[in-house]
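Commentary on secondary and tertiary structure
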Amino acid sequence: MKLYDFELAPNPRRVRIFLAEKGVTIPTVEVNTRERAQFSPEFGKINPFRTIPVLELDDGTCIGDSVAICRYIEVLHPEPPLMGRDAEAQAVIEMWERRAELEGMNAAGELVRNFAPMFEDRAIAGVPSGFPQIPALVERGKKRMARFFEMWDQQLADNAFVAGPVFSIADITAFIAVEFAKRAEITIPDHCKHFARWYESISQRPSAKA
Ligand SMILES: N[C@@H](CCC(=O)N[C@@H](CS)C(=O)NCC(=O)O)C(=O)O
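The structure presented is a predicted model; accordingly, all values stated were derived computationally and were not measured. All residue numbers refer to position in the chain's written sequence, counted from 1. Totals for whole chains, interfaces and linings use all residues, but because this is a predicted model, local features are given only for residues with pLDDT of at least 70 and pairs of side-chain atoms are given and counted only at 80 or more. Computation of side-chain values: all heavy atoms of the structure, hydrogens and water removed.

Quick look at the domain arrangement of the protein chain
- In terms of domain boundaries, the protein chain breaks down into domain 1 (2-76) and domain 2 (87-209).
- The source of the domain bounds is an automatic or database domain assignment. Placing the centre of domain 1 and that of domain 2 at their C-alpha centroids yields a distance of 20 Å.
- Should any heavy atoms of two residues lie within 4.5 Å, those residues are considered in contact. Facing the 20 residues of domain 1 at the interface are 22 residues of domain 2.
- Buried area: the accessible surface (1.4 Å probe) lost by two parts on joining, summed over both. Together, the buried faces of domain 1 and domain 2 total about 1,700 Å²; carbon and sulfur atoms form 57% of this surface.
- Contact with domain 2 buries area across many residues of domain 1, yet Arg13, Arg14 and Glu21 alone supply 32% of it, more than any other trio.
- Salt bridge, as used here: a side-chain nitrogen of Lys or Arg that lies within 4 Å of a carboxyl oxygen of Asp or Glu. Where domain 1 packs against domain 2, one counts five salt bridges.
- Between Arg14 and Glu101 there is a salt bridge, with the nearest N and O atoms lying 2.9 Å from each other.
- N or O atoms within 3.5 Å of each other form a polar contact, as long as, within protein, one can give a hydrogen and the other can take it, and as long as residues adjacent in sequence are counted only when both atoms are side-chain atoms. Seen at the junction of domain 1 and domain 2, the total is nine residue pairs in polar contact (both at pLDDT 80 or more).
- By definition, any uninterrupted DSSP run of H or I lasting at least four residues is a helix, any uninterrupted run of E lasting at least two residues is a strand, and each is numbered from the N terminus. Sorting the residues of the side of domain 1 that touches domain 2 by element identifies α1 (10-22) and α3 (66-76) as the ones contributing at least two each.

And the structure:
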């Protein structure tokens, strides 16, 4: 088994944090997306969508999505559960994980991909060119991030973690959304005190160094 990874990329980091929380180590292959290694003919056979992370299994099967990789690891290494132990916990965690992805990661992605000079003419991940940046999407991405911070602040007012009392994959995705948005100089607003408390606690976990 090997993980196609890149130290500076947010989505692979979600998987690395998940693995660190499980205490699982998998050999990695670096795909330097800043040097466009995802567009090599070899990587095209691993993932035709040209994104990382990808987990390649020993039989050659390639799993090219962060949550799908985490799901696979969760089944192989159930302890500690990061995707819920029973039906209710699994559903609640999945709800918050999807919300974190759709409202957090996608907002940060829209913002950063339309903001950072390195993504000029490739505002969509996995395409080499032909998708120009749209400045209006930077402004919309900022508004979406503001909404994300507000909504999560409300949730974290009464909960230690995003999906309730237990740390889960939803915390990892929300944490990486915040980390990603920093690349467009967006940080947690001062008034989102619950969010800030949660962010600090997640930052202090050893897995956050992954
Ligand atoms: N939903 C996918 C998104 C993967 C993704 O967008 N990965 C980025 C790195 S964080 C990528 O590979 N970008 C390639 C590019 O910029 O062309 C997942 O979670 O695996």
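Here's the deal with the sheet that holds strand β3 (residues 54-56)
- Think of it this way: DSSP has to see at least two bridges between two strands before they count as a pair. Taken in spatial order, the four strands of this open sheet run β2-β1-β3-β4, and their pairing is mixed. Lying at the two open borders of the sheet, with one neighbouring strand each, are β2 (28-30) and β4 (62-63).
- One ladder, built from three bridges, connects strand β1 (residues 2-5) with β2; its direction is parallel. Considered in β2, the bridge of Leu3 is made with Thr28.
- What counts as an axis is a line fitted to C-alpha atoms, over the stretch in contact for a helix, and the angles between N-to-C directions run from 0 to 180 degrees. Along the sheet face, α3 touches β1, β3 and β4 and points at about 45° away from the line of β3.

Looking at the environment of Ile26
- Within the secondary structure layout, Ile26 lies in the loop between α1 and β2.
- When the C-alpha positions of Ile26 and Ala181 are compared, they lie 28 Å apart, and in sequence the two are 155 residues distant.

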